[in-house]
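# Structural characterization, general
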Amino acid sequence: MQTTVAWNGRIKAIIVGLGLAVAVSLSNNWWSIYTNHIPSCVHDNCVADFVIFYAQPLMLRENPRALYDLDQQLAFQRRFVPTDRVLIFPYPPIMAVLLLPLTLLSFSGAFLTMTAVNAVLIWATLRRLINDLNFTWDQTQWLLLATLCNFGVQATLSNSHGSIIILYILTRHVLAQKNRKEIESGIWAGMLCLKLQYVPLPHFILLLNRAWAGLFAGVLVVTVLVGGAFLFLGEQTLIQYLQIIRRYSGSENDWTNPLRGMHNLRALTGVWLPDSWSGIVWFSTMAAALFAVIWINLRARHLTNGFEKSWISNSIALLLLSPHLFTHDLSLLIIPIALLFEICGPRVPVWLGVGVVAVSLLPALNYLLPTIMAVALVILFLLSLRLAKSEQA
């Protein structure tokens, strides 16, 4: 027993070192953005994603009705970075509203502040998960290790991206559902409108569970936050935004929307299939995944740990079905990982903890093996369905 505990400790120590090594390797990128406003990059005309999180709120202050005018976006971005191509802002206006306080600071000051906010939100997310799921010390350690080695989390911190905000909101939504706080879960689901691609599935699951009050609350929040903003900004702004969403959700593949950098069903079909087949197969696989989501959520009512098993599947499906999914979005994997550790009991098997850490680091290899993480997510989704099917309802 003492030998097992000792080896468990050694393995965790090695994982800590691995996670810190990843953080150090990405720190140069953070420093480059902080000092020079551009990321550490081997290609020409590289632009940090944080540019849109700073320039768009500034546009909202100075010229709100041009928020989705691409020429105006490029002009504002050129104030801070030398670029010949616009980095498109695909978020609804409410995201720009949320980030308005950053415009009171310099670019570097805002970047530093966003990093600090992300760190606080990661801490708050983990604290919520650990407390609400009643984790033991061993479960807590493995969740912290999985977070440290989550390449999506590391990428978000090194770029000061906004994905951690979505992670916190989705965590609150899932935990509110688990605790049967229907209206609260609906409100948090509605707040996912900060990134609209994450809105449909949680609301669809509320519908499947006949959580009418939660569903109404969520739809109301989306209507007020998104509809109200476009009502204020005008019809032309809405038209320009819909054109951007159509571009991001379709098959176009360019420097701001590279399929080889994604980790979803769209990437799997778009990278490896000819254009004549990719669209058909993409929609077919999305339909299959959606039917699987319906099955697992209906079956979960009759299973031990049914909520946890269904939301492991739901979380992975949310990623696979999203039309625009990059490495920073994979920070959302913290949620199904936490639910999986809860099912395991007081002590997480070492092989499972190591496996989770390995999957969390996998996106680092995507530049060598495009869509490898997308393949991993498909396998994990199928395994999550198997986990539910293996129990007799």
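Residues numbered from 1 in each chain as written. Predicted model: local features only at pLDDT ≥ 70, side-chain atom pairs only at ≥ 80, totals over all residues. Heavy atoms only, no water.

### Side note on the side chain of Gln-139
Mapped onto the secondary structure, Gln-139 falls in helix H6 (residues 137-148). You can call Gln-139 buried: its relative accessible area is 3%. Beyond its immediate stretch of four places on either side in the chain, Gln-139 contacts Asn-134, Phe-341, Glu-342, Gly-345, Pro-346 and Val-348. (Helix = DSSP H or I, 4+ residues; strand = E, 2+ residues; numbered from the N terminus. Buried < 20%, exposed > 50% of the residue type's maximum accessible area, 1.4 Å probe, protein only. Contact = heavy atoms within 4.5 Å.)

### A few points about the state of the cysteines
Following the criterion strictly, the structure yields zero disulfides and no others. With no disulfide of its own, Cys-344 has Cys-149 as its nearest cysteine by sulfur position, at a separation of 17 Å. (Disulfide = S-S within 2.5 Å.)

### Overview of the packing of helix H16 (residues 334-344) against helix H17 (residues 350-361)
The interhelical angle for the contact between H16 and H17, taken along N-to-C directions, is 175 degrees, at an axis separation of 12 Å. As judged from the angle between their axes, H16 and H17 are roughly antiparallel. Taken together, the residues of H17 that come into contact with H16 (itself represented by Ile-337, Leu-340, Phe-341 and Cys-344) are Leu-352, Val-356 and Ser-360. Looking at the contact of H16 with H17 residue by residue, the classes come out as six nonpolar, one polar and no charged. (Axes fitted to C-alpha atoms, helices over the stretch in contact; angles between N-to-C directions. Parallel < 35°, antiparallel > 145°, perpendicular 65-115°, else oblique. Nonpolar A, V, L, I, M, F, W, Y, C, P; charged D, E, K, R; others polar.)

### Quick word on the pattern of salt bridges
Any two side chains of opposite charge can pair, given that their charged atoms come close. Applying the stated criterion to the full structure yields seven salt bridges. As a salt-bridge pair, Lys-178 and Glu-308 come within 2.4 Å of each other at their nearest N and O atoms. Placement of Lys-178 in helix H8 (residues 163-178) and of Glu-308 in helix H15 (residues 306-321) is noted, with a sequence separation of 130 residues between them. Assessed through its relative accessible area of 24%, Lys-178 is described here as partly exposed. Here Glu-308 falls in the buried class, since its relative accessible area comes to 5%. Each of the salt bridges in this network shares a partner with another, and the network as a whole consists of Lys-12, Asp-138 and Arg-347. (Salt bridge = Lys/Arg side-chain N within 4 Å of Asp/Glu carboxyl O.)

### Description of the packing of aromatic side chains
Summed over all chains, the structure comprises 18 aromatic pairs. Considering the side-chain rings of Trp-30 and Phe-111, the 5.4 Å spacing of their centres and the 40 degrees angle between planes classify their relative orientation as tilted. Note that Trp-30 is positioned in helix H1 (residues 2-36) and Phe-111 in helix H5 (residues 107-132), a separation of 81 residues in sequence. Residue Phe-111 is classed as buried on the basis of its relative accessible area of 0%. Taken together, a centroid distance of 6.3 Å and an interplanar angle of 25 degrees make the contact between Phe-50 and Tyr-54 stacked. Here the residue Phe-50 and the residue Tyr-54 both occupy positions in helix H2 (residues 50-62), the gap between them amounting to four residues, near one helical turn. (Phe/Tyr/Trp six-rings, centres within 6.5 Å; stacked < 30°, edge-to-face > 60°.)

### A closer look at the packing of H8 against H16
Two measures define how a pair of helices packs: the angle their axes make with one another and the distance between the axes. Packing of H8 against H16 leaves a shortest axis separation of 10 Å and a crossing angle of 35 degrees. Residues Leu-167, Leu-170, Thr-171, Val-174 and Lys-178 of H8 form the contact with H16, whose participating residues are Ile-334, Ile-335 and Glu-342. Partitioning the contact of H8 with H16 into residue classes produces five nonpolar, one polar and two charged.

### With respect to the nonpolar core
Grouped together as the largest cluster of nonpolar side chains are 116 residues, with contacts concentrated most on Phe-50, Leu-143, Phe-341, Leu-377 and Phe-381. Ranked by the residues each element gives to this core, the list is headed by H5, at 10 residues. Beyond its immediate sequence surroundings of up to four residues, Phe-381 is in contact with Ala-289, Ala-292, Val-293, Ser-313, Ile-316, Ala-317 and Leu-320. (Core = buried A, V, L, I, M, F, W, Y, C linked by side-chain atoms within 4.5 Å.)

### Overview of helix H7 (residues 151-159)
With eight of its nine residues buried, H7 lies for the most part within the structure. Within H7, the full set of buried residues consists of Phe-151, Gly-152, Val-153, Gln-154, Ala-155, Thr-156, Ser-158 and Asn-159. Between the side-chain oxygen of the N-cap and the backbone nitrogen of Gly-152 there are 2.8 Å, and the N-cap of H7 in question is Asn-150. At the exit of H7 stands Ser-160, carrying a positive phi of roughly 50 degrees. (Polar contact = N/O pair within 3.5 Å; in protein donor to acceptor, adjacent residues only side chain to side chain.)

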